[in-house]
Amino acid sequence: MTRTAKDFFAPLAVGAPAPLREIPARPSRAIHFFDPGNEKMAAKVPDMVGTVDVLLGNLEDAVKAENKEKSRQGLVDIGRATANLGGTVGPTQLWTRVNSLDSPWGLDDLVTLVTEIGDKLDVVMVPKVQGAEDIHYVDRLLAQLEAKAGLDRPILVHAILETARGVANIEEICAASPRMQGLSLGPADLAADRRMKTTRVGGGHPGYLVRQDPERDDLGVPQYDGPRTTYQQDLWHYTIARMVDACAMHGIYPYYGPFGDIKDTVACEDQFRNAFLLGCVGAWSLHPAQIAIANKVFSPSVEDVAHARRVIAAMGDGTGAVMIDGKMEDDASVKQCQVMVALADELAAIDPELKKQYDAIPDQHSGTEA
Ligand code: GLV
Ligand code: MG
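Residues numbered from 1 in each chain as written. Chains lettered and ligands numbered in written order. Predicted model: local features only at pLDDT ≥ 70, side-chain atom pairs only at ≥ 80, totals over all residues. Heavy atoms only, no water.

Regarding the environment of P206
Relative to the helices and strands, P206 is located in the loop between α7 (187-194) and β7 (209-211). For the pair P206 and D234, spaced 28 residues apart in sequence, the C-alpha to C-alpha distance is 9.7 Å. When neighbours within four sequence positions are excluded, P206 is seen to be in contact with R200 and Q232. (Helix = DSSP H or I, 4+ residues; strand = E, 2+ residues; numbered from the N terminus. Contact = heavy atoms within 4.5 Å.)

Focus: the coordination of the magnesium ion (ligand 2)
Coordination of the magnesium ion (ligand 2) by the protein comes from E162 (OE) and D189 (OD), over a distance range of 2.1 to 2.2 Å. Of the two residues, E162 is situated in the loop between β5 (156-161) and α5 (164-168) and D189 in helix α7; the sequence distance between them amounts to 27 residues. (Donors = N, O, S within 2.8 Å, 3.2 Å for Na, K, Ca; no water.)

Observations regarding the site of ligand 1
Ligand 1 sits among R97, E162, G186, P187, A188, D189, P258 and W284. Between E162 and ligand 1, the recorded distance is 3.0 Å, taken from a side-chain N or O atom to an oxygen atom. A distance of 2.9 Å is found between an oxygen atom of ligand 1 and a backbone nitrogen or oxygen belonging to D189. For the shell around ligand 1, the element with the highest residue contribution is α7, accounting for three residues. (Near = heavy atom within 4 Å. Polar contact = N/O pair within 3.5 Å; in protein donor to acceptor, adjacent residues only side chain to side chain.)

What about the packing of helix α9 (residues 265-278) against helix α10 (residues 288-297)?
It is the contact of α9 with α10, at a shortest axis distance of 9 Å, that shows an interaxial angle of 35°. Two packed elements cross with a definite hand, and for α9 against α10 that hand is right-handed. Here T265, C268, E269, F272, R273 and F276 of α9 lie close against α10, whose contacting residues are Q290, I293, A294, K296 and V297. Residues that form the contact of α9 with α10 fall into these classes: six nonpolar, two polar and three charged. (Axes fitted to C-alpha atoms, helices over the stretch in contact; angles between N-to-C directions. Left-handed = near helix turned anticlockwise from the far one by under 90°. Nonpolar A, V, L, I, M, F, W, Y, C, P; charged D, E, K, R; others polar.)

Some points on the UniProt feature "domain: HpcH/HpaI aldolase/citrate lyase" (unreviewed entry) in the protein chain
Taking the numbering used here, the UniProt-annotated feature "domain: HpcH/HpaI aldolase/citrate lyase" (unreviewed entry) corresponds to residues 33-200. Here residues 33-200 runs as 43% helix and 17% strand, with 18 Å between its end C-alpha atoms. (UniProt positions renumbered as here; feature names shortened; annotations may be inferred.)

Overview of empty space enclosed by the protein
Per the stated rule, a full pass over the model turns up one cavity of 30 Å³ or more. Counted as a void, the largest cavity has a volume near 100 Å³. Lining the largest cavity are 14 residues, with P11, P19, D139, P178 and R179 sitting closest to its centre. (1 Å grid on protein atoms, 1.4 Å probe; cavity = no way out; pocket = protein on both sides within 12 Å on 5 of 7 lines; lining within 4 Å. Points joined across faces, edges and corners; volume = space filled by probe spheres on them.)

Quick look at the packing of aromatic side chains
Scanning the entire structure with this criterion turns up five aromatic pairs. On the basis of an interplanar angle of 80° and a centroid distance of 6.0 Å, the ring pair of W95 and Y255 is categorised as edge-to-face. Note that W95 is positioned in strand β3 (residues 93-97) and Y255 in strand β9 (residues 253-255), a separation of 160 residues in sequence. In this pair, the class of W95 matches that of Y255, namely buried. Relative to F298, the ring of F276 has its centre 5.8 Å away and its plane inclined at 90°; by these criteria the two rings are edge-to-face. Here F276, found in helix α9, pairs with F298, found in the loop between α10 and α11 (302-314); they are 22 residues apart in sequence, far enough to count as distant. F298 sits in the buried class, given a relative accessible area of 1%. One aromatic cluster is present, built from ring pairs that chain together Y256, F272, F276 and F298. The side chain of R21 reaches across the aromatic face of F9, ending 3.9 Å from its centre. (Phe/Tyr/Trp six-rings, centres within 6.5 Å; stacked < 30°, edge-to-face > 60°. Buried < 20%, exposed > 50% of the residue type's maximum accessible area, 1.4 Å probe, protein only. Lys NZ or Arg CZ within 6 Å of the ring centre and 35° of its normal.)

Following this line, the structure appears as structure tokens:
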């Protein structure tokens, strides 16, 4: 026996805030990455507050070794200077991705950020998480730092799934701490660690496909050289599906990670939508163009919300069965509709444009008992 259930309700350091018993469902459709050490990017941050659900100061990969301290300090400066960002004040959360726990910078990232701007930081993304031991380390350290900084609310932890061992240990990672907020797919590191043979950052691959069977001639001989349609498959389906189950089981949130081909907005939208349909709540944005894509894809469509409300209205107390437009709806499908409507309500609370669209849906009460 390691920790008992009740241990999870107690802070891991004297004076640290009490752990949360439930992870709040805060909208996080786009997690927009910026380098806080890059003056051009940092200057844009204040104007982006309110236009994106999450701004993430990235300190890990994509920041050069010689700029690590500069980026860390840049994030402290932004956290201090941007009044309506992060914490409990506004719609835009402030997250960071710290350097990995085996790097020369990971410890200083955590110590500096929590003691300097801990009150603004909502979530710390930890890369290259291998197992529960990594989360336990961060959990205790955060508690000590929160106590030192006098914080009154716990900082949450998000793990990137980007090693084979991390995928194998996915359940224990999700269960390792009440701070666990979610998981993101890290397709680039994961591909490398697994020795997959794609060199792309996320997205599909034309070589990963299935091919239609060959036509046969009149004698039944297969025409292997004849025309045959191919269908590209999703390299990431298995990992995302696994991540969705692990997160749902533990009451935390799954995210698609980065889509590196910034110009291919069409394929990015497809990849994000697959993740949304499978149960993910958001994705990373590596360029402002991807924010709009994620906001669109991870918000239920007006048609879906209209249908869901109609089923809920027709189902009364939620039991039994009704026919709507020739389709059977019952106790289970009304729950699917409730998932859709609950998400729409959460998003409408912070997105006035979306609220307008959902509010314009006419009330519909139709359906007949099956
Ligand atoms: C993200 O960190 C990735 O490795 O894809
Ligand atoms: Mg990575």
